[in-house]
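# Chain and residue survey
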Amino acid sequence: MKGSKAIGIDLGTTNSCVAVAIDNRVQVIPTESGSNTMPSLVSFDDEERLVGDGAKYQMNSNFSNTIYNIKRLMGYKSKRQKSQVDIKSLFYKIIETEEEVRVQVKYKGETKSYTPEEISSMILGKLKARAETYLGVEVNDAVITVPAYFNTAQRQATRNAGMIAGLNVLKVISEPTAAAIGFGCEKDFKEETNVFVFDFGGGTFDASILLVQGGISLFLPQGEIRPLVVKILTIF
């Protein structure tokens, strides 16, 4: 393969994964351990910063410096807003001001603090690097999925995290919409069709009813591809 490739990233609450279209098929890129998913964890210690599986191995012994559930803090900017997680239930330290929320850790003997976007960018950066190693090409562009309930601030925070990770975020798309598009890639809905999509995530559960019409086929010449129209009717 030559040139840059665009990747798709599911930035999950518990686990994340990255995929790419190769030879007209969507392929999930495995982690170094061979798994299709990577724990959405970042751990700090006196020597290094670990992301994914490495952070998971340290979680029990270094829980106050291992960041998890960071997705639930995305877009949460101040004490005046309600986050998607009970901050008091987290093992790591949260710094809240009227303007900003940061996580505080001990890293290489120093006290450091990071925004949720910066922590998420570390996860995205790990997935980006893994994709580049696997594909053997530079990766600059990405589409990132988010829960259907994410508001404008949360979506923008996700986009910002991608930018910090060195990615050009082509689009931030709702998870059930992405699932419907994936389902429709090999199908041709000549008439309007209702599709029920549910996502059993590690930290969230989305259920949506979508109206689908048309189809996107990865196996047809470019001129024969018809757009897939997806409209979210109901979100539970």
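Details of the structure are given in the entry above.
Residues numbered from 1 in each chain as written. Predicted model: local features only at pLDDT ≥ 70, side-chain atom pairs only at ≥ 80, totals over all residues. Heavy atoms only, no water.

## Looking at the environment of Ser-16
Along the chain, Ser-16 falls in strand β2 (residues 15-22). Sequence separation of Ser-16 and Leu-127 is 111 residues, and the distance between their C-alpha atoms is 8.3 Å. For Ser-16, the residues in contact, after removing those within four places along its chain, are Asp-10, Leu-11, Asn-36, Thr-37, Met-38, Ser-40, Ile-123 and Leu-127. (Helix = DSSP H or I, 4+ residues; strand = E, 2+ residues; numbered from the N terminus. Contact = heavy atoms within 4.5 Å.)

## Description of empty space enclosed by the protein
Applying the stated criterion to the full structure yields 1 cavity of 30 Å³ or more. What lines the largest cavity is Ser-16, Cys-17, Val-18, Ile-29, Pro-30, Thr-31, Glu-32, Asn-36, Met-38, Lys-126, Leu-127 and Arg-130. Put simply, the parts of the chain that give the lining of the largest cavity at least two residues each are β2 and α2 (116-135). Classifying every residue of the lining of the largest cavity gives 6 nonpolar, 3 polar and 3 charged. (1 Å grid on protein atoms, 1.4 Å probe; cavity = no way out; pocket = protein on both sides within 12 Å on 5 of 7 lines; lining within 4 Å. Points joined across faces, edges and corners; volume = space filled by probe spheres on them. Nonpolar A, V, L, I, M, F, W, Y, C, P; charged D, E, K, R; others polar.)

## Examining the side chain of Asn-62
As for its position among the elements, Asn-62 is in the loop between α1 (53-58) and β7 (66-67). Residue classification places Asn-62 among the buried residues on the basis of a relative accessible area of 13%. Among the polar contacts listed, one links the side chain of Asn-62 to the backbone oxygen of Phe-44, at a separation of 2.6 Å. (Buried < 20%, exposed > 50% of the residue type's maximum accessible area, 1.4 Å probe, protein only. Polar contact = N/O pair within 3.5 Å; in protein donor to acceptor, adjacent residues only side chain to side chain.)

## Brief notes about the sheet that holds strand β10 (residues 110-114)
Across the sheet, 3 strands lie side by side as β8-β9-β10; this open sheet has antiparallel pairing. One side of each edge strand has no neighbouring strand; the edge strands of this open sheet are β8 (93-96) and β10. In this sheet, neighbouring strand axes are inclined to one another by 35° on average, regardless of whether the strands run parallel or antiparallel. Lying on the sheet, α2 is in contact with β9 (101-107) and β10; it crosses β10 at an angle near 95°. (Pairing = 2+ DSSP bridges. Axes fitted to C-alpha atoms, helices over the stretch in contact; angles between N-to-C directions.)

These results come straight from atomic positions and should not be treated as a statement about function.
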